[in-house]
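What follows is the residue order along each chain.
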Amino acid sequence: MNLLQILILALVQGACELLPVSSSAHVIVAERLMGFNPSSPEMTMLLVMLHTGTMFAVIVYFWAGWKRDYFSSPIKLCNFGLQIVTATICTGVVGYGLKIIIEKLFMRGMPHAEIEDLFSNLPLIAGALATVGMLIIYAGWHEVKEPHSLEIEFRHSFWIGIVQGICLPFRGFSRSGSTISTGLILGLPKQKLEEFSFVLAVVLTPPIIVKEIFRLLKAHALSAPGTALHLFAPSLLGMLFSFLAGLLALKWLSHWLEGGRWKFFGYYCLIAATVILTAHFQFLL
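Residues numbered from 1 in each chain as written. Predicted model: local features only at pLDDT ≥ 70, side-chain atom pairs only at ≥ 80, totals over all residues. Heavy atoms only, no water.

Caption draft 1: Focus on the overall build of the chain. Each helix and strand counted, the chain has 10 helices and 0 strands in total. Moving toward the C terminus, one meets the helices and strands of the chain in the order α-α-α-α-α-α-α-α-α-α. Each of the three principal axes of the chain carries a C-alpha extent, and together these read 50 × 45 × 40 Å. The burial tally for the chain puts 51% of its 285 residues in the buried class. Residue pairs at least 24 apart in sequence account for 79% of intrachain contacts in the chain once pairs closer than 6 positions are excluded. (Helix = DSSP H or I, 4+ residues; strand = E, 2+ residues; numbered from the N terminus. Buried < 20%, exposed > 50% of the residue type's maximum accessible area, 1.4 Å probe, protein only. Contact = heavy atoms within 4.5 Å.)

Right, dumping it as structure tokens:
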């Protein structure tokens, strides 16, 4: 993989990750067009590190708001931590449960089946994009003018965590799109939802990084540190590029979310799903 290819993938990731249109789906299609296998350990590691770059963008962008809304008093901090833990536990239970069911039941005929093998399945990605698109459209049309609750409570974090867990095995099922849409349906304030959804991404990213590092090292049975550095160099460079692009995307997301144009992201997801599915069958990407 050359520098230009890494830059293109990082820009695609950074521009899409923090918008509710599934950055993974866009990056995977770009990888396929470049001739790479998105399910390979190298590509899944790169994808995770691209997510890491946007995770740091999230921290930089939302830090002032987090301090104001959640770190200003011990009570707020405690409640915030409780909601994050609740949502993350629900995500872990649902996500891991789906992983086991898919690998052991639906992929049992495949040798050494891993959930990452699905990352190359463009029809499945298109279906996931279409599904989250319809969820976003529904949330956009049914969002309330006055929030039912000004703060995120246990029942809200429970359902948001459940929905986030469903996203994990399916590339194309936008994590931010589905979690923010769930919150809008539950009648939560847009700004709170935006901050909460992206702090969940910060919590979720580190364990996924560790998982993909072990997967990559296992695939190559590394013993020489120089070889390891060679494998991780593209991912580290991509992380830097996606961080910069992610900051710009966050500003756009905030503008569209607050401006009442949330449903248009859903229309985009439906169009993208159609394009991916058509391209797959027409050109066999």
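Structure's up, so let's keep going.
Caption draft 2: Spotlight on unusual backbone geometry. One non-glycine residue with positive phi stands out, namely Ser-22, at about 65 degrees. Position of Ser-22 relative to the elements: it lies in the loop between helix 1 (3-17) and helix 2 (23-34).

Caption draft 3: Looking closely at the packing of aromatic side chains. Enumeration over the complete set of coordinates arrives at 11 aromatic pairs. Pairing Tyr-70 with Phe-80 gives two aromatic rings, centres 3.8 Å apart and planes at 15 degrees, and the pair type is stacked. Highlighted residues: Tyr-70 in helix 3 (residues 41-70) and Phe-80 in helix 4 (residues 74-106), separated in sequence by 10 residues. A single burial state applies to Tyr-70 and to Phe-80, both of which are buried. (Phe/Tyr/Trp six-rings, centres within 6.5 Å; stacked < 30°, edge-to-face > 60°.)

Caption draft 4: Inspection of the nonpolar core at higher detail. Ranked by size, the top nonpolar core spans 46 residues in total, and within it Val-58, Trp-66, Leu-129, Phe-196, Leu-250, Trp-262 and Ile-276 carry the most contacts. For this core, the leading source of residues is helix 5 (residues 122-142), giving 8 residues. Of all hydrophobic cores here, the second largest spans 8 residues; its members include Leu-9, Val-27, Leu-46 and Leu-50. (Core = buried A, V, L, I, M, F, W, Y, C linked by side-chain atoms within 4.5 Å.)

Caption draft 5: Layout of helix 3. An ideal rise of 1.5 Å per residue puts 44 Å on 30 residues; helix 3 reaches only 37 Å between its terminal C-alpha atoms. Phe-62 marks where helix 3 bends most, by close to 55 degrees. In terms of residue burial, helix 3 counts as a mostly covered element, since 21 of its 30 residues are buried. (Expected span 1.5 Å × (residues − 1). Bend = angle between axes of the 7 residues up to and from the residue.)

Caption draft 6: Representation of the environment of Phe-232 within the structure. Positionally, Phe-232 belongs in helix 9 (residues 225-258). For Phe-232, a relative accessible area of 16% gives the class buried. Taking C-alpha positions, Phe-232 is 24 Å from Ala-113, a pair spaced 119 residues apart along the chain. Once residues within four sequence positions are removed from consideration, Phe-232 is found in contact with Met-45, Ile-213, Leu-216 and Leu-217.

Caption draft 7: Examining the pattern of salt bridges more closely. Counted according to the given criterion, the structure contains 9 salt bridges. Glu-114 serves as the salt-bridge partner of Arg-215, at 3.1 Å between the closest nitrogen and oxygen. With Arg-215 in helix 8 (residues 190-220) and Glu-114 in the loop between helix 4 and helix 5, this residue pair connects regions lying 101 residues apart in the sequence. Here Arg-215 falls in the buried class, since its relative accessible area comes to 9%. When the shortest N-O distance is used, the salt bridge between Lys-211 and Glu-116 registers 2.4 Å. Taken together, the positions of Lys-211 in helix 8 and Glu-116 in the loop between helix 4 and helix 5 put the pair 95 residues apart, joining distant regions of the chain. (Salt bridge = Lys/Arg side-chain N within 4 Å of Asp/Glu carboxyl O.)

Caption draft 8: Expanded view of a nonpolar patch on the surface. A grouping of Trp-63, Phe-71 and Leu-77 is seen on the molecular surface, where their side chains present a nonpolar patch of about 290 Å² in accessible area. Along the chain, Phe-71 turns up in the loop between helix 3 and helix 4. Judged by its relative accessible area of 36%, Phe-71 is partly exposed. (Patch = residues over 30% accessible without salt bridge, like charges linked within 9 Å, V, L, I, M, F, W, Y side chains within 5 Å. Areas by Shrake-Rupley, 256 points an atom, 1.4 Å probe, with all protein chains shown as cover.)

Caption draft 9: Seen up close, the packing of helix 2 against helix 3. The interhelical angle for the contact between helix 2 and helix 3, taken along N-to-C directions, is 140 degrees, at an axis separation of 11 Å. As judged from the angle between their axes, helix 2 and helix 3 are oblique. Considering the relative orientation of helix 2 and helix 3, their crossing is right-handed. Residue-level inspection shows Ser-23, Ser-24, Val-27 and Glu-31 of helix 2 in contact with helix 3, the latter providing Met-43, Leu-46, Leu-47, Leu-50 and His-51. Class assignment of the residues belonging to the contact of helix 2 with helix 3 gives a composition of 5 nonpolar, 3 polar and 1 charged. (Axes fitted to C-alpha atoms, helices over the stretch in contact; angles between N-to-C directions. Parallel < 35°, antiparallel > 145°, perpendicular 65-115°, else oblique. Left-handed = near helix turned anticlockwise from the far one by under 90°. Nonpolar A, V, L, I, M, F, W, Y, C, P; charged D, E, K, R; others polar.)

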